[in-house]
Amino acid sequence: MTKKPFRSARWFDTDDLRGFGHRSRLMQMGYGLEDWNGRPVIGIINTWSDINPCHAHFRHRVEDVKRGILQAGGFPLELPAISLSENFVKPTTMLYRNLLAMETEELLRSHPIDGAILMGGCDKTTPGLLLGAISMDIPAIFMPAGPMLRGNLRGEGLGSGSDAWKYWDERRAGKIDSKEWQAVEAGIARSYGHCMTMGTASTMTAIAEAMGMILPGASSIPAADAGHIRMASACGRRVVEMVGEDLKPSAILSRPAFENAIVVAMAMGCSTNAVIHLIAMARRAGHGIGLNDFEAASRKVPVLANVRPSGDRYLMEDFFYAGGILALMDRLGGLLDGAAMTVTGRPIGEGFAGAPCWNDDVIRPLDRPVSSEPAMAVLHGNLAPDGCVMKPSAAAPHLLNHSGPALVFDSYAELKERIDDEALDVTADTVLVMRGAGPQGGPGMPEWGMLPIPKKLLRAGIRDMLRISDARMSGTSYGACVLHVSPEAHVGGPLALLRTGDIVKVDVAARRIDMQVSEADLAERRAALPAPEPRFERGYGWMFSRHIRQAHEGCDFDFLETGFGASPGEPAIL
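For every chain, the first residue of the written sequence is number 1, and numbering continues from 1 onward in sequence order. Local features are withheld for residues below a pLDDT of 70 in this predicted model, meaning they are given only at 70 or higher, and side-chain atom pairs are given and counted only at 80 or more; totals for whole chains, interfaces and linings count all residues. The side-chain figures draw on all heavy atoms in the structure; neither hydrogens nor water molecules are used.

**A word on the overall build of the protein**
Phase 1: Regarding its fold elements, the protein presents 21 helices and 14 strands.
Phase 2: The atom set for the radius of gyration is the C-alpha atoms, and the globule formula is 2.2 Å times the number of residues raised to the power 0.38. Taken over C-alpha atoms, the radius of gyration comes to 24 Å for the protein, in line with the 25 Å a tight globule of 574 residues would show.
Phase 3: When the backbone C-alpha atoms are referred to their principal axes, the protein occupies close to 80 × 55 × 45 Å.
Phase 4: Exposure categories follow from relative accessible area, calculated using a 1.4 Å probe and restricted to protein chains: below 20% of the type maximum is buried, above 50% is exposed, and the middle band is partly exposed. For the protein, buried positions account for 60% of its 574 residues.
Phase 5: In what follows, a contact means two residues having at least one pair of non-hydrogen atoms within 4.5 Å. Here the contacts in the protein between residues at least 6 apart in sequence split such that 77% fall between residues at least 24 apart.
Phase 6: Note on areas: Shrake-Rupley, 1.4 Å probe, and residue coverage restricted to the protein chains presented here. Only carbon and sulfur atoms are counted for the fraction: they give 52% of the accessible area of the protein, which is about 21900 Å².
Phase 7: Charge counting treats Lys and Arg as positive and Asp and Glu as negative, with His and both chain ends excluded. By convention, the charge on Lys lies at NZ, on Arg at CZ, on Asp at CG and on Glu at CD. Placing the 59 positive and 67 negative side-chain charges of the protein at their respective mean positions leaves the two points 2 Å apart. Secondary structure is summarised from DSSP: a helix means a run of H or I of at least four residues, a strand means a run of E of at least two, and numbering begins at the N terminus for each.

Here you go:
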């Protein structure tokens, strides 16, 4: 059988002026013919930056990846990409997820790259990198950043995000002073790596492994563990082999791969953000995954990972020591399609079959789940005709069937200004509503959905309320928060018609969310609804506003979806 020529040969193997230019410029950087001739060129998409603490180790870890590539006979080239630091990018990294996807696809297309290592982990970097790799469709492996070490406060564990919200409420209620608050601040993030709760970062890397795009067990390894270094080199070695096998994302990302990802997400007590990202990735891969698939899985897959915020005490470091993602998948057994392909070139079932679990309290058996409630519920009704999501396993049980008067805020800025007003007409039964924070309204659908509880209620001991918005929330958040209301208020969704005092009813068991307002009144309100002010008048934001999909569609750009048009193919080299 004739060996397929490397894609990079179009740049380096031609006896013409262009080939001369490419080779001479490599030599300008000190490389010799023996460095690249006859070797696959591996592009390393590195999302390191000085302002991304989740990826602080990538500056050095990329050398471990390169070592593995060289060991296997490849030629590594590092290609920096936008870092998407969840902590610092405003108004939200979600505004730029699709920009990273576009950058990844075009970096790989426009350069002489035969295979790729995708270095990410901080929330939106995982879907952003994978979206680009799916569209480009050359051999690729995702190398996860890994969770940071558990936090510490006077010998007690602290969880990323989850304890920030908890202690902030205590401070607002006057229960702790500034000294204790500063101790939390200093102890909650003790190493490089992404959040070590079951937030969006840990959710998405686990999902990427369940999809088959990560080496077996790699998503659970803490960033500071020496095993993470060895894993990075293993990624480099394996991607060189994948180029020889021509094993591309299109051969891995079948519909069963995405269904496996949904099952694992539910068992992990996932971040609600997983819904948006998985739908976007599936649509890029040509599969019609939607909210109904998540709803179906939520009714049959229990939460097995006793990791906060759905769990009561453990963090990702504990999850790793208990056996990690492979132990969890082994416990899921027949709920997963073990025949789905992975980057190893072998079925996923071979990777997790018989994986041991070392702590049954951290990774529960199927007959002893963490919660009687599912990780996620998809609700529909006249307030969200295209759907919305909720995390019942992280909510106060009495709020899962609740009705009360709405208290409506038209923006997060308004909410922050008014929420602690002692004269605010609010009780524990009130339904807090914030709108104007969806994909277009936010803009970018910021993580504002865990609406703060009014200070006067905090002082009275209230720690959860029913809250509704068209925003997202951090995967580290918790509470009875209904999110991703679609269509969003900014584009005229029914949420825009809700008024303070209207009765809102949520019934999670029935999967319903409704405002008790007559159709005649809603029609009258819609007729009087003013046109929204544009969020952008130029630049990337202008393009974003015109092409972003709604939450239930994955928030991809319409022109990036696979069904929009044919791939541009290989670039001309003339």
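**Comments concerning the environment of C235**
Phase 1: By secondary structure assignment, the location of C235 is in helix α10 (residues 226-245).
Phase 2: Distance in space between the C-alpha atoms of C235 and I214 is 8.5 Å, their sequence separation being 21 residues.
Phase 3: Among all residues touching C235, those that are not within four sequence positions of it are I117, I141, M143 and L215.

**Some thoughts on the pairing of strand β3 (residues 115-120)**
Phase 1: Burial analysis of β3 places six of its six residues in the buried class, which makes it a mostly covered element.
Phase 2: Every second residue of β3 is oriented toward a common face, with G115, I117 and M119 on one face and A116, L118 and G120 on the other, all of them buried.
Phase 3: Two strands make a pair as long as DSSP finds a minimum of two bridges between them. The pairing of strand β1 (residues 41-46) with β3 spans five bridges and is parallel. In the strand pairing of β3, N46 is matched with M119.
Phase 4: Judged from the five bridges that link them, β3 and strand β4 (residues 140-144) form a sheet pairing that is parallel. Its bridge partner lying in β4, G120 is registered against P144.
Phase 5: A crossover counts as right-handed when, viewed with the strands pointing away from the observer, the path leading from the first strand over the helix to the second turns clockwise. Taking the sense of rotation as the criterion, the β-α-β connection linking β3, helix α6 (residues 125-136) and β4 turns out right-handed.

**Notes on the pattern of salt bridges**
Phase 1: Salt bridge criterion: a side-chain nitrogen from Lys or Arg within 4 Å of a carboxyl oxygen from Asp or Glu. Taken as a whole and assessed by the stated rule, the structure comprises 39 salt bridges.
Phase 2: Across the pair E241 and R238 runs a salt bridge, and its minimum N-O distance is 2.9 Å. Taken together, the positions of E241 and R238, both in helix α10 and three residues apart, correspond to about one turn of that helix.
Phase 3: Taking the relative accessible area as the measure of exposure, E241 reaches 43% and is therefore partly exposed.
Phase 4: A salt bridge links E245 to R238; the nearest nitrogen and oxygen atoms lie 2.7 Å apart.
Phase 5: Looking at R238, the relative accessible area reads 8%, which means it is buried.
Phase 6: Taken together, the salt bridges that share partners define one network made up of E86, D123, K124, E447 and R472.

**Here we look at the sheet that holds β4**
Phase 1: Reading across from one edge, β2-β1-β3-β4 is the order of the four strands in this open sheet, with parallel pairing throughout. Taken across any chain shown, the strands that pair with only one partner, and hence form the sheet edges, are β2 (75-80) and β4. Averaged over all pairs of adjacent strands, the angle between strand axes in this sheet comes to 20°, irrespective of strand direction. Note on method: axes are straight lines fitted to C-alpha atoms, helices fitted across the in-contact stretch only, with angles between N-to-C directions ranging 0 to 180 degrees.

**Description of the packing of helix α7 (residues 162-172) against helix α8 (residues 178-187)**
Phase 1: α8 packs onto α7 with a crossing angle of 170° between their chain directions and a minimal axis gap of 11 Å. Overall, the two elements α7 and α8 adopt an arrangement that is roughly antiparallel. Only S178, E180, W181 and V184 of α8 make contact with α7, whose side of the interface consists of A164, Y167, W168 and R171.
Phase 2: Throughout, the ten residues Ala, Val, Leu, Ile, Met, Phe, Trp, Tyr, Cys and Pro are labelled nonpolar, Asp, Glu, Lys and Arg are labelled charged, and all others, Gly among them, are labelled polar. Residue classes in the contact of α7 with α8 are distributed as five nonpolar, one polar and two charged. Oblique is the label for any angle not covered by the other classes, which are roughly parallel (under 35 degrees), roughly antiparallel (over 145) and roughly perpendicular (65 to 115).

**Here we look at helix α14 (residues 291-298)**
Phase 1: Of all the residues in α14, the buried ones are L291, F294, E295, A297 and S298. The buried residues of α14 occupy one face: seen down the axis, they fall within an arc of 165°.
Phase 2: Along its buried surface, α14 packs onto α12 (255-268), α13 (273-284), β7 (377-381) and β8 (384-390). The arc under discussion is defined with respect to the helix axis, by the directions toward the C-beta atoms.

**A closer look at the packing of aromatic side chains**
Phase 1: Only Phe, Tyr and Trp rings take part, Trp by its six-membered ring, and two of them pair if their centres are within 6.5 Å. Stacked means planes under 30 degrees apart, edge-to-face means over 60, and tilted covers everything else. According to the stated counting rule, one finds 10 aromatic pairs in the structure shown.
Phase 2: An angle of 10° between the planes, with centres 5.0 Å apart, marks the rings of Y412 and W448 as stacked. Of this pair, Y412 sits in helix α18 (residues 412-418) while W448 sits in the loop between β10 (431-434) and α19 (455-459), and the two are 36 residues apart along the sequence.
Phase 3: The buried category is assigned to Y412, whose relative accessible area is 19%.
Phase 4: What makes W448 partly exposed here is its relative accessible area of 24%.
Phase 5: Three or more aromatic residues link up through ring pairs in this structure, and these residues are Y96, Y540, F544, F557 and F559.
Phase 6: Only lysine NZ and arginine CZ atoms are considered, and such an atom sits over a ring when it is within 6 Å of the ring centre and within 35 degrees of the ring normal. Cation over ring: R10 sits above W11, and NZ or CZ is 5.8 Å from the ring centre.

**So, the side chain of E553**
Phase 1: Here E553 is to be found in the segment after α21 (539-547).
Phase 2: When neighbours within four sequence positions are excluded, E553 is seen to be in contact with I279, R283 and E561.

**Things to note about the side chain of R109**
Phase 1: Relative to the elements of secondary structure, R109 occurs in helix α5 (residues 97-110).
Phase 2: Under this definition, polar contacts are N or O atom pairs within 3.5 Å; protein pairs additionally need one hydrogen-donor-capable and one acceptor-capable atom, and for neighbouring residues in sequence, both atoms have to be side-chain atoms. Separated by 3.2 Å, the side chain of R109 and the backbone oxygen of G569 make a polar contact.
Phase 3: If we skip the residues at most four places from it in the chain, R109 touches R7, W11, S135, M136, S567, P568, G569 and P571.

**Section: α10**
Phase 1: For α10, with 20 residues, the first-to-last C-alpha span of 29 Å sits near the 28 Å given by 1.5 Å per residue.
Phase 2: What α10 keeps buried is the set G227, H228, M231, A232, S233, C235, G236, R238, V239, V240, M242 and V243.
Phase 3: Within two residues after α10, D246 carries a phi angle of roughly 55°, on the positive side. One fewer than the residue count of a helix, multiplied by 1.5 Å, yields its expected span.

**Quick notes on the nonpolar core**
Phase 1: Each nonpolar core is a collection of buried residues, namely Ala, Val, Leu, Ile, Met, Phe, Trp, Tyr and Cys, held together in the definition by side-chain atoms within 4.5 Å. In terms of nonpolar packing, the biggest core is built from 117 residues, with I117, V264, F294 and L328 touching the most fellow members.
Phase 2: The contacts of I117, once residues within four sequence positions are left out, are I42, G43, I44, I45, V65, I141, M143, C235, G236 and V239.
Phase 3: Among the nonpolar cores identified, the runner-up in size contains 31 residues, and C388, A395, A406 and V508 belong to it.

**Observations regarding the pairing of β1**
Phase 1: Among the six residues of β1, six are classified as buried, and the element is accordingly described as predominantly covered.
Phase 2: Because side chains alternate across β1, one face comprises the buried residues V41, G43 and I45, and the other comprises I42, I44 and N46, equally buried.
Phase 3: In the sheet, β1 pairs with β2 via six bridges, with the strands oriented parallel. If you follow V41 over to β2, its bridge partner there is F75.
Phase 4: For the crossover that starts at β1, traverses helix α4 (residues 58-71) and ends in the parallel β2, the hand is right-handed.

Function cannot be inferred from these measures alone, as they are strictly geometric.
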